[in-house]
Structure formats: C-alpha cells, structure tokens
Amino acid sequence: ERRGGELNLLGATSGDTGSAAIHGVRGKRHIRIFIMHPSGRVSPIQERQMTTVLDENVHNLALTGSFDDGQRILKEIFSDLAFKRKYRLGAVNSVNWARVLAQIVYYFYAAFRTREQTGAATVQFCVPTGNFGDIFAGYLAWRMGAPISRLILATNENNILSRFFKKGIYEKGEVRQTLSPSMDIQVASNFERYLYYRLGEDGAAVRELLRQFEAAGRIELPGCDRQFAAGAADRQATLNTIRDYQSKYDYLLDPHTAVGVAVAERFQVSDSPTICLATAHPAKFPAAIEQALGRDIARHPMIADILRKESRCRQLTADRRAVQGYLESVLVSE
C-alpha cells in the first residue's frame, strides 16, 4: 500500500492450503490470487471452500491430473525469472520459506508445554505428511535445539517418503486417490530442503541428485537418518483408527490425522511422550467419516451450507503454457 505495489500470488494446493490462502487475501486491494487444485482429487468441501469465494481478486484453477502436476507447473513458472518479475509473482504454500518458518514455532511450544505437564526430558512428534513441509519444520526445530527425540513420518498409500526413510530409496510412483486426499502426493516439494542438510549443505550435490531423480524417477542414499521413524497407513487402518478413537475417547479424527495416529501407535516409547499433529477438521471429509462410523457425525457451522453456495472455477489442462497463458490474459486485461 505504501509503495503502490502489486502482488500476484500463485499456489498449488492438495486441498487445505488453497482455501486458507484465498480467505486470507480475498478482497484485498493490489493483490490477486491464483490457486491450482487437482480436479476431482480434493474433497467436495475442500473444493467449495475455494470455489465459492467469488471476490474479483480470487481465481481458482482446476487442473487435470494430480497435485504433483500443479506443483510441477508452479515450480516451472517460478523458475522463469523474467515472467516472475514481470507479473510480480509470489507464493503462499510451503514453497514459500516463510510458511515453514511459521510452522517451527508450535513444535517448540508443544514440546515445552508437554515437558511441563509430564516431566519428560524430550517428546516425539508424529506428522501426517505428503509434501514434507510441516515435518521439515519439525526437523528444523530439532536442529535449533527443541527437545525432540524423534520425528515420526506418516504417509497414506502414497508412501514415497516413508519408503525413503526406511530404505533410503526415493522412487516416484503413480499417485493413488485415498481417503486422505491432501496427502495424495508423490514428489514432495520440501524434500530437497532436507537433502541440503543430509548432503552436508552442498547445493551442487543436491542439484545433481535432483537432476538424477528427474531423469530416472529414482534416487538412492546410503545410510539412514535416526532422527526419523516412518510408516504408512492404508485405507483400512485409517478407517479403523477413526472408529477406535471415536469409540474409546469420543474424539473424531479426520482421515489425515488418523493416518498420523495409526502410525504413531507403532512407535510409542515409555520415556518420550508422542504428540501427533492434527491437520484438518473432520467435517471436510464426510465420506470417510461415514465409511468409518456408518454415519456422518462431523459438523462445523462454517461449512454447513457450503454445498449450496454459488461457485466459480476455471478448468485447465495440467500444462505450464495453459496456466501461464491464463495468468497473462487476466493480468494484462486488468
């Protein structure tokens, strides 16, 4: 506002980040936001949380393909520095370093509060993840001295990350649709940030490894990182965990958090309490809740009537040129 500047935000979402970013900047002067999501691969509630925001500065783009396609397009566009500067592009998801920095804070807070309550010297965190952003923030918190004994990485059937931390092999496969769609990711955008530390802060070595991955879809690193444990939870384990925690504790888990809890239960230790990060409200995923419990009991007043609202969205092919062309058409016309 002071400088008379403009900012055009471009993001790719697997479900949750997009609506948060859109609601954060809707109606703001001098800011436009373009959010890509994989068409038909987010929950209907997640989709409409984005597409029912009709402010003129909000543009929703439904792409054919998976979240990985949207994330690839985003990185390709941001790599075009001339285009980025010309159209004043900024990022809102965990590609943006500020997002990771903000997430570091609650690892310290949760660890300190749990130590006060239990007297334990350390805690361990379990993080359901697909894009490796939140758990990477936990890794940085540990490097900064947070009393974290171990990070437990939990994935759904798209288990490229859990396989890597078990076997040292990072190998891309086909994206599978699951009950936890925000984690339906194969190529994690923050993984290269972890590799930077794993490879002794050698940027050239990271670039070479990523070049190999792009060419072959597979890389292998010897040894293991003892700071991580890892596991995967499939559809049945997710449903069982939702059912068990509702029955035993009257606590309703969304399917993403249920993946984390299911995996966390395998790594309990007596001297280090486990904190599992809860990632979304269960009302966003009524189909999963109904499958688990036989009825949909997940409610939230803010999304109760969202399916009846008017929506607006542009369908595009998962192609960099199509997305860049749309951006240019909007920004030039305005």
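Structure first, text after, so check above.
Residues numbered from 1 in each chain as written. Predicted model: local features only at pLDDT ≥ 70, side-chain atom pairs only at ≥ 80, totals over all residues. Heavy atoms only, no water.

K.L.:
Lay out the pattern of salt bridges with the relevant residues and their values.
P.N.:
Going through the model one piece at a time under the given rule, you end up with 13 salt bridges. Through salt bridges that share partners, Asp69, Arg72 and Glu76 make up one connected network. (Salt bridge = Lys/Arg side-chain N within 4 Å of Asp/Glu carboxyl O.)

K.L.:
Any details on the sheet that holds strand S1 (residues 7-12)? Residues and values, ideally.
P.N.:
Hydrogen bonds along the backbone pair up the strands of a sheet, which may run parallel or antiparallel. One open sheet accounts for 5 strands, arranged S4-S1-S2-S3-S11; its pairing is parallel. At either end of the open sheet lies a strand with only one pairing partner, and these are strand S4 (89-91) and strand S11 (314-316). Strand-to-strand twist of the sheet, defined as the mean angle between neighbouring strand axes without regard to direction, takes the value 30°. Both strand S2 (residues 31-38) and strand S3 (residues 58-63) contribute to a ladder of 6 bridges, which runs parallel. The residue bridging phenylalanine 34 from the neighbouring strand is histidine 59, located in S3. This element, helix H2 (residues 44-51), spans S2 and S3 of the sheet and lies at about 160° to S2. (Pairing = 2+ DSSP bridges. Helix = DSSP H or I, 4+ residues; strand = E, 2+ residues; numbered from the N terminus. Axes fitted to C-alpha atoms, helices over the stretch in contact; angles between N-to-C directions. Contact = heavy atoms within 4.5 Å.)

K.L.:
Just give me the short version of helix H5 (residues 97-118), but keep the residues and values in it.
P.N.:
For H5, spanning 22 residues, the distance from its first C-alpha to its last is 33 Å, which sits close to the expected 32 Å at 1.5 Å a residue. All buried positions along H5 are accounted for by Val100, Gln103, Ile104, Tyr107, Phe108, Ala110, Ala111 and Thr114. Taken together, the buried residues of H5 touch strand S5 (123-128), helix H6 (133-143), strand S6 (148-155), helix H8 (191-198) and strand S10 (274-276). Here H5 starts with a cap whose side-chain oxygen sits 2.9 Å from the backbone nitrogen of alanine 98, and that cap is asparagine 96. Positive backbone phi, at 80°, marks glycine 119, one or two positions downstream of H5. (Expected span 1.5 Å × (residues − 1). Buried < 20%, exposed > 50% of the residue type's maximum accessible area, 1.4 Å probe, protein only. Polar contact = N/O pair within 3.5 Å; in protein donor to acceptor, adjacent residues only side chain to side chain.)

K.L.:
Explain the nonpolar core to me, and be specific about the residues and the numbers.
P.N.:
Membership of the largest hydrophobic core comes to 38 residues, with the highest contact counts inside it found for Tyr107, Phe125, Phe132, Tyr170 and Tyr194. Those elements that provide at least two residues to this core are H5, S5, H6, S6, helix H7 (160-167), H8, helix H9 (203-216) and strand S9 (228-232). With near-sequence residues (within four places) excluded, phenylalanine 125 lies in contact with Tyr107, Ala110, Ala111, Ile148, Arg150, Leu151, Ile152, Ile275 and Leu277. (Core = buried A, V, L, I, M, F, W, Y, C linked by side-chain atoms within 4.5 Å.)

K.L.:
Can you lay out the sheet that holds S6 for me, pointing to particular residues and giving the numbers?
P.N.:
With parallel pairing, 4 strands are arranged side by side in an open sheet as S9-S6-S5-S10. Two strands lie at the open edges of the sheet, namely S9 and S10, each paired on one side alone. On average, adjacent strands in this sheet sit at an angle of 20° to one another, irrespective of strand direction. On the sheet, H6 packs against S5, S6 and S9 and is oriented at approximately 170° with respect to S6. Across the sheet, H7 is in contact with S6 and S9; its angle to S9 comes to roughly 135°.

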